[in-house]
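# Breakdown of the fold
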Amino acid sequence: MTKPRLKLAVWKFASCDGCQLSLLDCEDELLGVADAIDIAYFPEVSPRVIDGPYDLSLVEGSITTEKDRQRILKVRAQSHRLVTIGACATSGGIQALRNFSDIDDFVAVVYAKPEYIDTLATSTAISDHVPVDFELRGCPINKAQLLEVILAFLADRRPNIPGHSVCVECKLKQNICIMVAQGTPCLGPVTHAGCNAICPSYNRGCYGCYGPMEMPNMKAMTGWLTATGMVSRDIQRILQTFYANAEPFHEESTRHDA
Amino acid sequence: MTRREISVDYIARVEGEGALKITISNGAVENVELKIFEPPRFFEAFLRGRDFREAPDITARICGICPVAYQMSAVQAMEQACGVEVPSPIRDLRRLLYCGEWIESHALHIYMLHAPDFLGYEGAIDMAKDMPGVVERGLQLKKVGNKIMSLLGGREIHPINVKVGGFYKTPTRKELEPLAESMKWARDAAIETVRWVSQFDFPAHERDYEFVALRGDGEYPLGDGRIASNRGLDISVAEFEKHVSEDQVPYSNALHARIKARDSYLVGPLARYNLNAHQLSPLARATAKEAGLADQCRNLAQSIIVRSIEVLYACDEALRIIDQYSPPSEPSVSVEPKVAIGYACTEAPRGILYHRYQIDGEGTIQDAVIIPPTSQNQLSIEQDLRALIVEEIDLDDETLRALCERTIRSYDPCISCATHFLKLDRVEC
């Protein structure tokens, strides 16, 4: 007896498209993946729609409109497993900066006729609206981790995605610590692993685009940043960027009001 | 009275969320609306108050398909504001990185989004069942573009190595060498691509577009040049907003741009080619000629040939840069902020991408204006659709709908980009 093929769906909410593009960036594996599963809904790739329910839904983007708030409920109802991919879907993304401002001001800066624009005052993670089976972080996600997540759900096991910090990845690459050796401010100690420590490998401090790791020590982190000469305003800026809405980053950022 | 309504709820094989609604009343086109329902994300609003050095990383997140375009326009606008010019090895490396993005983005569009329309497939994955070698070639070509992005940028999507003033780390000659090997394969694959797509059947529709692109100074334009058109526009980047206006329409989260003195205009590969074909590399020119592509082309469907020629050019140009490369003495030059306005315009894969920033003496952004290619093309897309329907009004709804979708895809619209625009009443001259 042959096992029925799994049905994969890819959904987009408010986002830049980069995380679903990561799947198409798996140039060596894409056709193999398409052989193993049915791509049942992925508008960027094909207009064909195979009706749900879906075995695995990948969700990119955050919830920023009333329509999308309703749509995610329908997506959840049709999905056996739902995995969110990227900073927008797992935390609200950079567009969550609106959560700390007046949305009407934001609309007025960009559009001459604000009455045409339908938007919520906040940008929120998918998990704020529906239960989520797994969250894959990153702005953008790492495509090797995306493949691991898809393979894991195909095999009905938990994905093997480490929850430690970027610091651990840097050590594994045997990088010299740029914060200790060169005094370059770096969010590596509190940032979730997954990127393979690319910024420190390019002589640049980590800017936190994979969001907070589990149990980050934020106070110790900002102590280090201050010691490297970073002023409050810049500490607040770096924490209020791609994971601005993640609780540890946001809470710490409010301690550094410029 | 007879009314026909043709609509597409979610246009497939384009980047982002868009829909189409056409109303035909008594045999005449009443309304054509390309609806961009992608939710707005307000980049220009939250850029205010940020540091000028943050602009390249923040604006990259507008689009996952063309992040390098955003980074290049942002860093150059900031450098222009601060009166800094980067040394030529840094300019060359930026050009190399941009070649990577062109190859990656164009290969994606040619093979995965556009070609299925000509060959009668729903998508590239179905196409791969009948022509695995061809789709494999497209994917590997795309991968070579991505290889440049990861080597020079740190990663393919939202590269981390670009900064105002240059790069965080520049490669040695030895580190670039393996790229040259891949580029030579890619150059051959690009020639094959041109030959392959030039055999497609092209609908005869042509329109007399105003093509707007950068005009390169002795080279095909990527990162700089004056803004020019085939109808006499020839302006510096700083003059752009004097010549272009943007209107907001109720059915879309994107604004419509037009040339104030005239009407709609077209940006992208076709515009670049029509204005700059003579500046392509000899190999790209010869391959275009062999494929039967004249120096002037008004058939939008043939943009797939032009994209393929541009992939070939990007491979050639990348090889030239790698061959002549000698690392800069420092990976970046120092850029001190001052009270100023900076402008930049670069050629994103889909056409010119304009940035303007006003910064204060501490480098805090006071105002940001971003005009992406798809907003500039939106009016032209709607006019193309109107012309198409007038010509093909006797076709049944299903065929007409499919033709309309093909027209939209020929533009390679990037809807995530298009969904945030500047305020109309600011554009006064």
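Now for a description of the structure that goes with this document. Quantities reported herein were computed from a predicted structural model and do not represent experimental measurements.

The rules behind these values
Residues numbered from 1 in each chain as written. Chains lettered and ligands numbered in written order. Predicted model: local features only at pLDDT ≥ 70, side-chain atom pairs only at ≥ 80, totals over all residues. Heavy atoms only, no water. Contact = heavy atoms within 4.5 Å. Buried area = accessible area lost by both parts, 1.4 Å probe. Salt bridge = Lys/Arg side-chain N within 4 Å of Asp/Glu carboxyl O. Polar contact = N/O pair within 3.5 Å; in protein donor to acceptor, adjacent residues only side chain to side chain. Helix = DSSP H or I, 4+ residues; strand = E, 2+ residues; numbered from the N terminus. Phe/Tyr/Trp six-rings, centres within 6.5 Å; stacked < 30°, edge-to-face > 60°. Buried < 20%, exposed > 50% of the residue type's maximum accessible area, 1.4 Å probe, protein only. Lys NZ or Arg CZ within 6 Å of the ring centre and 35° of its normal. Core = buried A, V, L, I, M, F, W, Y, C linked by side-chain atoms within 4.5 Å.

## Remarks on the interface of chain B and chain A
- Opposite the 72 residues of chain B that make contact, chain A presents 62 residues.
- In total, chain B and chain A occlude about 5,800 Å² of area from one another, counting both sides; carbon and sulfur atoms represent 58% of this.
- Our count for the chain B to chain A interface comes out at 11 salt bridges.
- Arg48(A) is the salt-bridge partner of Asp126(B), the closest N and O atoms lying 3.4 Å from each other.
- The tally of links between chain B and chain A comes to 31 residue pairs in polar contact (both at pLDDT 80 or more).
- Looking at the side of chain B that touches chain A, the elements that each hand over two or more residues are helix 1 (43-46), helix 2 (55-60), helix 4 (88-119), helix 5 (124-130) and helix 6 (132-153) of chain B.

## Describing the packing of aromatic side chains
- Counted according to the given criterion, the structure contains 12 aromatic pairs over all chains.
- An angle of 15° between the planes, with centres 5.0 Å apart, marks the rings of Tyr111(B) and Trp196(B) as stacked. Of this pair, Tyr111(B) sits in helix 4 while Trp196(B) sits in helix 7 (residues 173-198); the two residues are 85 residues apart in sequence, bridging distant segments of the chain.
- Given a relative accessible area of 1%, Tyr111(B) falls into the buried group.
- You can call Trp196(B) buried: its relative accessible area is 15%.
- Every member of this aromatic cluster is reached through a ring pair, and the members are Tyr111(B), Phe118(B), Trp196(B), Phe200(B) and Phe202(B).
- Looking at Lys169(B), its charged tip hangs above the ring of Tyr202(A), at a distance of 5.5 Å from the centre.
- Between Arg406(B) and the ring centre of Phe118(B), over which it is positioned, the NZ or CZ distance is 4.9 Å.

## Some remarks on the nonpolar core
- The biggest cluster of nonpolar side chains holds 199 residues, and the ones touching the most others in it are Leu58(A), Leu96(B), Met112(B), Met183(B), Trp196(B), Tyr357(B) and Ile389(B).
- Here the element with the most residues in this core is helix 4 of chain B; it accounts for 16 residues.
- If we skip the residues at most four places from it in the chain, Leu58(A) touches Leu8(A), Ala9(A), Val10(A), Trp11(A), Val83(A), Ile85(A), Leu146(A) and Ile150(A).
- If you look at the next biggest cluster of nonpolar residues, it comprises 17 residues, including Val237(B), Phe240(B), Val244(B) and Ile352(B).

## A few points about the side chain of Gln240(A)
- Note that Gln240(A) resides in the loop between helix 11 (232-239) and helix 12 (247-254).
- Under the relative-accessibility criterion, Gln240(A) is labelled buried at 15%.
- Not counting residues within four places of it along the chain, the set of residues in contact with Gln240(A) comprises Leu97(A), His250(A), Ser253(A) and Arg50(B).

## Re unusual backbone geometry
- Following Gly52(A), the chain continues to Pro53(A) via a peptide bond in cis, the omega torsion being 0°.
- With respect to the helices and strands, Pro53(A) occurs in the loop between strand 2 (38-41) and strand 3 (54-60).
- A cis geometry characterises the amide bond from Cys139(A) onward to Pro140(A), with omega recorded as 5°.
- Of note, Pro140(A) is situated in the loop between strand 5 (134-136) and helix 6 (143-154).
- Residue Phe42(B) is not a glycine yet carries a positive backbone phi of 65°.
- Relative accessible area serves as the criterion here: at 0%, Phe42(B) is assigned to the buried category.
- One non-glycine residue, His158(B), lies in the positive phi region at around 50°.
- Mapped onto the elements, His158(B) comes out in the loop between helix 6 and strand 4 (162-163).
- Take His158(B): its relative accessible area is 1%, and that puts it in the buried class.

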